[in-house]
Amino acid sequence: MRPLILGAMLVLGACSVPRLEELLSERSVQAEVSFNFRAGCITVLARDKEAPDKSSITRFDVLARAPSQRRIDTEILRGADWGRTLEIISTAHEQSCTGPVVASDTRTVTLGGEGVQTVAFTLSAVDADDDGFVLTAGGGTDCADNDATITQRRFYRDGDGDGYGAGAAVLGCAVPAQHVALAGDCDDTTTERAPGRSELCDGIDNDCAGGVDNGLQLSDFYLDADRDGVGAGTVVRACSAPQHHVVSSNDCDDTDAARRPGLSETCDDKDNDCDGSADEGLSVSTYYRDVDDDGFGRTSDSRQKCNQPDGYAASGGDCDDGVSAVNPGAQETCNDIDDNCAGGVDEGFNKTWHRDADGDNFGVQAAPVLGCTRPAGYVAPTATFDCNDDASAVSPGVTELCNDVDDNCVGGVDEPFTSGATRKGATCGAPCTGVYVCNLAQSATTCNAPAATNYYTDADGDGDGAITATAQVVCPSQPVPLNTAPRNTDCNDTDRHNKGNGTEVCDQRDNDCNSTADDGTVCMGAGWRELTDTAVTGRDWNTVAINKDSTTGYPVWIAGAGGALARRSSASGTFTSFDGACGTTAWNAAWVHSDGSVFLAGSGGRVAQHDGTTCTQSRPLTDASNATGIIGFEGSGTLLYVVNESGQLHSWTSGSAPVLVDDNSTIYRDVHGVDGTRLLIGGQEDVGNRSPRIETYTGGADTSNMTVPGSPQTSIRSVWMVSSALAYAVGEGNNVVVWQGGTGWSAVTPPAVVAFTGVCAPDRSSVYVTDAVGVIRRFTGPPSNQWLTLHTASPAGELRDIALVTPASIWAVGPGGRVIHFPELP
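Here goes a summary of the coordinates provided. In every chain, residue numbers begin from 1 and rise along the written sequence. Local features are withheld for residues below a pLDDT of 70 in this predicted model, meaning they are given only at 70 or higher, and side-chain atom pairs are given and counted only at 80 or more; totals for whole chains, interfaces and linings count all residues. As a convention, hydrogens and water are excluded, and side-chain values are obtained from all of the structure's heavy atoms.

**A few points about the pattern of salt bridges**
Under the convention used in this document: Here, a salt bridge means any side-chain nitrogen of Lys or Arg that lies within 4 Å of a carboxyl oxygen of Asp or Glu. Numbering of helices and strands runs from the N terminus; a helix is a DSSP stretch of H or I covering at least four residues, while a strand is a stretch of E covering at least two. Summary of the burial criterion: residues with accessible area below 20% of their type's maximum are buried, those above 50% are exposed, and those between are partly exposed, where the area comes from a 1.4 Å probe applied to protein chains only.
This structure, assessed with the given rule, holds 28 salt bridges. Between Arg496 and Asp763 there is a salt bridge, with the nearest N and O atoms lying 3.5 Å from each other. Pair noted here: Arg496 is in the loop between strand 25 (484-485) and strand 26 (527-530) and Asp763 is in the loop between strand 47 (756-760) and strand 48 (767-771), with a separation of 267 residues, a long-range link. Using a relative accessible area of 42% as the deciding quantity, one classes Arg496 as partly exposed. Note on Asp763: relative accessible area 7%, which makes it buried. Here Arg717 ties to Glu732 by a salt bridge, and the two come within 3.7 Å at their closest N and O atoms. Here Arg717 is found in strand 43 (residues 716-723), whereas its partner Glu732 is found in the loop between strand 44 (726-731) and strand 45 (735-739), with 15 residues between them in sequence.

Here it is, written out as structure tokens:
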């Protein structure tokens, strides 16, 4: 026997046996449960008749028991704080403890008197074929109780009415409309494709055998692109000739109808007959390339042709085919050109000139030019030549300067500045070192040591270091220390929303570090307000979601019980009601796409999308239990993840049905992630101590359990990932926990003894939470770890969700028409 409830422990001293029996008769009862069929699970629930919330349950897996063993006995111990009258309910389930209830029996017993009382239960159900499944009329799922091989039948959607279906099987006892028992249709949109059909020569897999035109006589065909009757290229196997295809394949140029086998060769530079040669067999002459069209071409560039090509001449020998005045028949003139192509330049007219590019009347000795007259920029030879013809300040006889240049052309550089303590290149400076270099006036040397820069610790990464930070002196040649900034005017270096040069915004923070939060007119009288829009009041709101890709967060969507749904599109607008647009589902969670549409998850395992005009793609999850959390990611498409109270994780691509990813023995309450690489799922164990539970999903078929502190019989209600290595979660029993990488979570000291309901954290210093009595708080994170109370609902009442993009726009919702926004004008 196994005890159903562990009551208060009794400390027994030297007492008599009758007193022990008397105590047992007041504290326990024996339950005997008999059942006449192959039940999957027997449960025995005991509870205080006057206080039913004081209860406990024991489950027995009994499917494998033989007929002679179809009975269980168990001892029930009354809790120390229970009354004496107990209500005991025994229930039989089909197949497992989560299967349909097929039989139940209830007894009431009052403890006391002599001996332990025995309560007998008899559970009966019809299972004629003894297969462990009860007929549907009896609450089970068996469609044929005279055949142990049949429980529920499979049917397939037959959209084209050809007798064959496709897609996922639908389980049931009766054939649904437009469904059949035969699967295997490879295209359920047309009756021309189905198993058993004859294959036709039409480029379609008619018989669904996995091949196109299989079994038919195929021939080789080739594309005839130029329509000259001869094809080329890749062979095409087909049962009939495709358009513009022929059986021949030896065309040497299928883009030119003037080229194919069998044509006569003509003088057109083409291989007309496709024998590999152009213009073969025709009479040819030699022609020379004549670019300048002066009647003479280059001897090195000639062609043998049957006719004179354009741009060619019958005579060669041109020495400059880019100038028509230069050719073997021209007259030589004094122009620095070999006009007649005789191999000389200006024969009888030569003269030497030296280049003077900088105009200082001194030319360079190298590379003189010959010409009949002095070219511009040249001078006659001088006794001493220029050593730098690119600078007019450099020439023989000038004063030497400190400039790394041989100014006077004597063969040295900066001679007066290369000796002594301040000589060029000598070390100088502190703390950053340099060397002596020429000054700007080029009249002396100066030290070029760079100035040092002070850097300060910047813990929050906002570009401004803490006011109290100690300077780190850094020279330009040294690397800048990590997590530092060249300023130290930040009054709160743990909050990236505050810094010395910040811009004040309405967010309840001292953004510009002037010791005053929201100073000036940044809030314009706005503050925490509870909205009274017509579309808001009178509804029980469960969730709020904002557009994370918008700097303002708009549009904002809220959803709740009975199909309640509303949207606000701008800060100056009001909420528009879409109540009932997606049915009467109690919506528990929402996520907003960058295009402004909202995805919803709610009761009965239903999900939907509303784009502000219509509600579409509403379909159930694989389990009808309540969907409680949703998160989405955008990339090449939109991928969403949905969790429900049955411990199931689904993936959902917009436009398709949700797909079950993993199924666990957990009650899921929320899911969140910063990208598709990791999800965090919060909830509660559904067995044992029913303690808080957080699981992580990084792909594949399974989630992984994480260690999380918390009291038994409590649940994680909300989880939020700040980054890939930081997350916060909150729940019942004043539980606040933080994850900083790894597989475990750590407790955060809570601000109050209360059930926390929602959390969102755009950064590590902005952790916002809601609770069951309507208080909104912010946790500043380390190192200060402060809790700041921002708003208390009036009258007090539960808040169920909170959302924001930045601290400058915060939303929270709850039942009773409670919608709270900061900042909101009166």
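**Side note on unusual backbone geometry**
Of note, the bond from Tyr554 into Pro555 is cis; its omega dihedral lies within 30 degrees of zero at 5°. Note on placement: Pro555 falls in the loop between strand 27 (541-546) and strand 28 (556-560). Between Phe822 and the following residue, Pro823, the backbone shows a cis peptide bond with an omega angle of -10°. A positive phi angle, near 60°, is found at Gln442, a position not held by glycine. Assignment of secondary structure puts Gln442 in the loop between strand 21 (434-438) and strand 22 (445-447).

**Some thoughts on the sheet that holds strand 49 (residues 775-779)**
To keep it simple, the criterion reads: In this scheme, strands are said to pair when DSSP sees at least two bridges between them. The angle between two axes is taken between their N-to-C directions and runs from 0 to 180 degrees, where each axis is a line fitted to C-alpha atoms and a helix contributes only its stretch in contact.
Here 4 strands make up an open sheet; going across it, the order is 47-48-49-50 and the pairing antiparallel. Two strands in the sheet have a free side with no partner beyond their single neighbour: strand 47 and strand 50 (787-792). Averaged over all adjacent pairs, the angle separating strand axes in this sheet is 25°, with direction ignored. Here strand 49 runs beside strand 50; their pairing, made up of 5 bridges, is antiparallel. Each residue of the ladder has a partner; that of Phe779, found in strand 50, is Trp787.

**Side note on the pairing of strand 41 (residues 692-697)**
Most of strand 41 is tucked away: 6 of the 6 residues are buried. Bridge count between strand 40 (residues 679-685) and strand 41: 6 bridges; the pairing is antiparallel. Looking at the pairing, Leu679 lines up with Tyr697 of strand 41. Counting the residues in the hairpin turn of strand 40 and strand 41 gives 6 residues, including Gly688, whose phi is positive at 65°. What sits between the antiparallel neighbours strand 41 and strand 42 (residues 704-706) is a turn of 6 residues, in which Gly699 has the positive phi angle 115°.

**Comments concerning the packing of aromatic side chains**
What counts, and what does not: Between 30 and 60 degrees the pair is tilted, below 30 it is stacked and above 60 it is edge-to-face, where a pair is any two Phe, Tyr or Trp rings, Trp via its six-membered ring, whose centres lie within 6.5 Å.
Throughout the structure, instances matching the rule amount to 12 aromatic pairs. Relative to Trp811, the ring of Phe575 has its centre 5.6 Å away and its plane inclined at 90°; by these criteria the two rings are edge-to-face. Note that Phe575 is positioned in the loop between strand 29 (565-568) and strand 30 (576-577) and Trp811 in strand 52 (residues 810-814), a separation of 236 residues in sequence. The exposure classification of Phe575 matches that of Trp811, with both residues buried.

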